[in-house]
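Breakdown of the fold
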Amino acid sequence: MSKHAILSPSGFKALMLCPAKPAMERGRAQRSSDYADEGTAAHFLASWCLLQDRDKAHDLIGDTIVVDTEGEAYFFDPDNRNEGDRLFEVTHEMADAVQTYLDTVRDLAGYNGDNGDDGEILVEQALPIGHITGEEGAEGTADAVVLLDDEIVVIDLKYGRGVEVSVVGNPQLKLYALGALARYGMLGDFHYVRGVIVQPRVSDTASEDTWTVDELETWADDVATPAAVKSMELLVCDPPVVERHADPHPEACRFCRARATCKALSYSVEKAIEAEFTDLTTQSEVERVEIVKDLTAKVQNNAHLGAKMDAVELVEMWCTAIRSMVESELLAGKPVPGWKLVQGRKPPRKWSDTAAAEKTMKAMRLKVDEMYDRTLISPTSAEKLLKTQPKRWAKVKDLVTQGEGKPSVAPITDKRPALELAPIESEFQAIEEEVTA
């Protein structure tokens, strides 16, 4: 019997970094968000287009997709709306992103519209992973699988616009690859599995990597299964035992439902900031001077600064989690000593009935320029409007300008090239003082 995996492919990288994460999250409901549900709506649109063999996602612009409280998505039916449903309109942006995914899947399958497909496209495929993780009947769902002559391709759509996700070394895609081999391996003589991540709102190019069957099986034996076994063992342990195995890491903590109460994360935050809060009032004058010297030297030491920067993301996550938990407790009517809920800043005013307001002001004989704010559409909107008219867009395109992005701090592992900036002191010329007798 199949089931949704506790050790799911999408969360596998996190448990590899912090094996206690699944156990720490026990009993904590997963809260959805507008961003997550928008992604669910986009995935539904993508799968529907593939299953219905619809060539253009843009044909559905203006339609509405419902994501219900159970996370299920379907097209909106006004006669069947329930409380808590979230509605998402298929916009140009969503259609553009989904179309990029559809084109990628069909290109990988060798689709050309005339002679059929070279490969078979399978949509929203439940793939077994229990033989890797040890969780009986566990499955993970791949957005699409393409079966070619000697290769299986597993494709994952990432609708988010945040950090770019690479398929290289990606545990989620490797688990999908192993699941696809287990489910479809007997249908052909497959030597390779290719993993593909399509993240159209971040990159125009899909991320790809190819693994041999032997490479995948070795990774499963040496890495995936041992990590899963450790996490499964912690699922039956008491909380104090689990907490001793928690290992804070930005990628593990980012979406962890236990981060607000995780003692390991709290300890990491305290260690990261404790040196900045030395109580100088209890020290002698000599000791104070030495402490200040030490702190000043550390601040001026870039190695120390880099180590502090490593902790910033964890500290920020902890702060966000604590604030969210306090807000939840107060909204539930539970007191939090020292804190209360207050009325926030009011949102901008808006018309309760736009048509009525428009009619009323027209009756006052107001001029068009007085009643309406009109601005020229943006280059992005112009490109969407003229996308099917390349000659006209080419004329407008020459009038578009775009500045360079501002310098931004990123980890050394970021694939973008580092900016080569000269130290500030090199901007100044040394002036030799004239010595007079």
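My aim in this report is to walk through the structure given alongside it, one point at a time. (Residues numbered from 1 in each chain as written. Predicted model: local features only at pLDDT ≥ 70, side-chain atom pairs only at ≥ 80, totals over all residues. Heavy atoms only, no water.)

Take the sheet that holds strand S3 (residues 73–75) next. Taken in spatial order, the three strands of this open sheet run S3-S2-S4, and their pairing is antiparallel. Each edge of the open sheet is held by one strand with a lone partner, namely S3 and strand S4 (86–89). Here the strands of the sheet are splayed against their neighbours by 30 degrees on average, with no regard to which way each runs. With four bridges joining them, strand S2 (residues 64–67) and S4 adopt antiparallel strand pairing. The residue of S4 that forms the bridge with Val67 is Arg86. (Pairing = 2+ DSSP bridges. Helix = DSSP H or I, 4+ residues; strand = E, 2+ residues; numbered from the N terminus. Axes fitted to C-alpha atoms, helices over the stretch in contact; angles between N-to-C directions.)

Before going further, it helps to examine a nonpolar patch on the surface. A contiguous nonpolar surface patch, about 370 Å² in accessible area, is contributed by Leu376, Ile377 and Leu385. Residue class for Ile377 comes out partly exposed when judged on its relative accessible area of 48%. (Patch = residues over 30% accessible without salt bridge, like charges linked within 9 Å, V, L, I, M, F, W, Y side chains within 5 Å. Areas by Shrake-Rupley, 256 points an atom, 1.4 Å probe, with all protein chains shown as cover. Salt bridge = Lys/Arg side-chain N within 4 Å of Asp/Glu carboxyl O. Buried < 20%, exposed > 50% of the residue type's maximum accessible area, 1.4 Å probe, protein only.)

Turning our attention to the nonpolar core. Among the nonpolar cores identified, the biggest contains 34 residues, and Val145, Ile152, Val154 and Tyr184 are the most heavily contacted of them. The set of elements that each furnish at least two residues to this core consists of helix H1 (12–17), strand S5 (120–128), strand S6 (138–147), strand S7 (151–157), helix H6 (171–184), strand S8 (192–198) and helix H7 (213–234). Those residues in contact with Tyr184 that sit more than four places away from it in its chain are Leu122, Gln125, Leu127, Val145, Leu147, Ile152 and Phe190. In terms of nonpolar packing, the next biggest core, distinct from the first, is built from 33 residues, Cys49, Val67, Met94 and Tyr159 among them. (Core = buried A, V, L, I, M, F, W, Y, C linked by side-chain atoms within 4.5 Å. Contact = heavy atoms within 4.5 Å.)

The next subject is empty space enclosed by the protein. According to the stated counting rule, one finds three cavities of 30 Å³ or more in the structure shown. If you go around the largest cavity, the residues you meet are Cys18, Lys21, Met24, Ala246, Asp247, Pro248, Ala252, Cys253, Cys256, Arg259 and Cys262. Taken together, the elements giving at least two residues each to the lining of the largest cavity come down to helix H2 (21–24) and helix H9 (250–253). The residue inventory of the lining of the largest cavity, partitioned by class, reads eight nonpolar, no polar and three charged. (1 Å grid on protein atoms, 1.4 Å probe; cavity = no way out; pocket = protein on both sides within 12 Å on 5 of 7 lines; lining within 4 Å. Points joined across faces, edges and corners; volume = space filled by probe spheres on them. Nonpolar A, V, L, I, M, F, W, Y, C, P; charged D, E, K, R; others polar.)

Its 14 residues place the ends of H6 20 Å apart at the C-alpha level, agreeing with the 20 Å of an ideal helix rising 1.5 Å per residue. Among the 14 residues of H6, twelve are classified as buried, and the element is accordingly described as predominantly covered. Every buried residue of H6 is listed here: Pro171, Gln172, Leu173, Lys174, Leu175, Tyr176, Ala177, Leu178, Gly179, Ala180, Leu181 and Tyr184. Put simply, Asn170 is the residue that caps the front of H6, since its side-chain oxygen is 3.0 Å from the backbone nitrogen of Gln172. (Expected span 1.5 Å × (residues − 1). Polar contact = N/O pair within 3.5 Å; in protein donor to acceptor, adjacent residues only side chain to side chain.)

Empty space within the second largest pocket amounts to approximately 510 Å³. Considering the residues around the second largest pocket, the lining is formed by 17 residues, among which Asp96, Thr100, Asp204, Glu383 and Lys387 are closest to the centre. Mapped onto the lining of the second largest pocket, the elements with two or more residues apiece are helix H4 (92–108) and helix H15 (379–385). Ranked by residue count, the leading element in the lining of the second largest pocket is H4, at six residues. Taken together, the residues of the lining of the second largest pocket break down into two nonpolar, five polar and ten charged.

All we've got here are geometric facts, nothing functional implied.
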